[in-house]
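A structural walkthrough
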Amino acid sequence: MSSSPDNTKNSSPWRLDAPPATLLLVPLKGDDPPDIQEILQGLADYTGQDLDVRSGEPPEPDMAWFCGCTIEGLESPLTVWCEPAGELAQHVEQVAGPGHDWLVALQAQLSGQDPLTCYINLVRLASSCMGSSPAMLDPGSGHWLERTWIDDVFMGDELEPPEDVLWRIDVVESETAPEAGRWIRTIGLLRCGRAELECMGVPAERTAEAVELIGNLAAMSLELDLPEAGDPIEIGPGMQVCLQPVQDLAGTLPDEVPGSMASRHTGDEQEEISAVMLDLSGHEQAHPAAVLEALSTGDLAMFRTLRRTRQDTLRAQASWDDLLKACRRLLEGGVEHSCLVQVPFEQVDSDEELREHLWMRIVSIDDKGVEAELVHEPRLVQGIEP
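Quick look at the structure, then. As the structure is a computational prediction, the values presented were derived from the model and not from experiment. Sequence positions are assigned chain by chain, starting from 1 and proceeding in written order. Totals for whole chains, interfaces and linings use every residue, but because this is a predicted model, local features are given only for residues with pLDDT of at least 70 and side-chain atom pairs only at 80 or more, for both listing and counting. With hydrogens and water stripped out, all remaining heavy atoms of the structure feed into the side-chain values.

On to helix α9 (residues 306-318). Strands here mean DSSP runs of E at least two residues long; helices mean DSSP runs of H or I at least four residues long; both are numbered from the N terminus. By definition here, a helix of n residues has an expected span of 1.5 Å times n minus one. The terminal C-alpha atoms of α9, which comprises 13 residues, lie 18 Å apart, in line with the 18 Å expected from a rise of 1.5 Å per residue. For α9, every residue scored as buried is listed here: R307, R308 and Q311. Axial view of α9: buried residues confined to an arc of 95°, hence all on one face. Turned more than 90 degrees away from the buried face of α9, the exposed residues are L306 and Q317. The contact criterion used is simple: two residues touch if any of their non-hydrogen atoms lie within 4.5 Å. Close packing links the buried residues of α9 with α3 (115-127) and α5 (207-223). The rule is simple: take the accessible area with a 1.4 Å probe, protein chains only, and divide by the maximum for that residue type; under 20% is buried, over 50% is exposed, in between is partly exposed. Throughout, the arc means that of the directions going from the helix axis to the C-beta atoms.

Given below as structure tokens:
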């Protein structure tokens, strides 16, 4: 089981004290339901812990069995049950194949301080129940987690999945009034103890930029305390956005605009703890138009989380030799190409320590090392030119 960093508890108006639980569903084959003792023994063998199991009467009549236990590495007690695939049967068959008529469910609350590590631990636990099943379903995000991907990125000591495994990003467009713009929002941040993020009225041609922006800020919200409504959030050098409660804007939009109050399910908990991203100055539109424009022209490089930067570095280091072999073949063959690498530069001789990742083009490789040239102007560090 992975351990979470020992962070001090922070406060933010966009955090939840009691996030909803996360559920994983493992499809299994068999005419009869999986044996509860075999499932629990798999959990015990994987964790090396004596499980404090509490069996109970299933709360739903179609459940074959139901129990709970406490496992170190999870924020809350783990609830485990077995039920028929039921309404999910066709969907399960499309992904897992025929005969997977039973679902073993594992449910727990993610840590508000480090939801990703807690999620990784929950997936690892669920993997001990998989048997021959090729995938498991995360209904909270809609993601199917394939066994090969679980083995590659969930089970190692260093590499881990990206933060966006915790959520999905929906893009909604009006069928009758597409000119009203698109509603783009996260689904899944609530279970991480964070407010969902969204933009409304986004032009179709800015969809990719809005998805990238929301995804980046969602990841940042796992590491940082997002400030009060209206206060600036720096998302890149010289570029800021702010957040406002969704109720402050959704009610002002025409009914035909996706994301307006008329288009939402009234009483939905998500609407009460969602935040709309806006430009810091000027709130004429329910999305950060200036920031999306900067992204589309390449004039904005967004900050990345420390965790994602560390993971990207590990992956780059693991594939460095393969890159050099491919690049050397291209150079020796005289093939027109560009082999680019991103290199961190630090400037420590100024009042403020600056760090920036710069793109370099490899121009030669020999036994002594690699020669590369800068391909763009730095935004932060000084004294380096292309």
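Take the packing of aromatic side chains next. Stacked, tilted and edge-to-face are the three classes applied to pairs of Phe, Tyr and Trp rings, where Trp contributes its six-membered ring and a pair requires centres within 6.5 Å; stacked means planes under 30 degrees apart, edge-to-face means over 60, and tilted covers the rest. Scanning the entire structure with this criterion turns up 3 aromatic pairs. For the pair F66 and W81, a centre-to-centre distance of 6.2 Å together with 25° between the ring planes defines the contact as stacked. Here F66 is found in strand β3 (residues 65-69), whereas its partner W81 is found in strand β4 (residues 78-84), with 15 residues between them in sequence. Using a relative accessible area of 8% as the deciding quantity, one classes W81 as buried. Between the aromatic rings of Y119 and F154, the centroid separation amounts to 6.3 Å while the plane-to-plane angle is 55°, which identifies the pairing as tilted. Of the two residues, Y119 sits in helix α3 while F154 sits in helix α4 (residues 147-154), which places them 35 residues apart along the sequence. Grouping residues by exposure puts Y119 and F154 together as buried. Taken together, the aromatic side chains of Y119, W149 and F154 make up a single cluster linked through ring pairs.

Moving on, we come to the state of the cysteines. Any cysteine sulfur atom paired with another within 2.5 Å is treated as part of a disulfide. Taken as a whole, this structure holds 0 disulfides when the rule is applied. Here C82 stays unpaired: no disulfide links it, and the sulfur of C129, its closest cysteine neighbor, is 10 Å away. Not part of a disulfide, C242 finds its nearest cysteine sulfur in C199, a span of 11 Å.

This brings us to the sheet that holds strand β10 (residues 196-202). In spatial order, the strands read β8-β9-β10-β13-β12-β11; together these 6 strands make up an open sheet with mixed pairing. Whereas interior strands pair on both sides, the edge strands pair on one side only; in this sheet they are β8 (168-173) and β11 (233-236). Each strand axis lies, on average, 35° off the axis of its neighbour in the sheet, ignoring direction. With 5 bridges joining them, strand β12 (residues 239-245) and strand β13 (residues 274-279) adopt antiparallel strand pairing. Along β13, the bridge assignment pairs C242 with L278. Across the sheet, α5 lies against β8, β9 (182-187), β10, β11, β12 and β13, angled at about 25° from β9, the strand it touches most. Sheet strands touched by helix α8 (residues 289-297): β10, β11, β12 and β13. Its angle to β12, the strand with the most contacts, is close to 140°. Here a strand pair is declared whenever DSSP counts at least two bridges between the two strands. Axis angles are defined between N-to-C directions and span 0 to 180 degrees, where every axis is a line fitted to C-alpha atoms and, for a helix, only to the segment in contact.

Remember, this is a structural readout, not a statement about activity or role.
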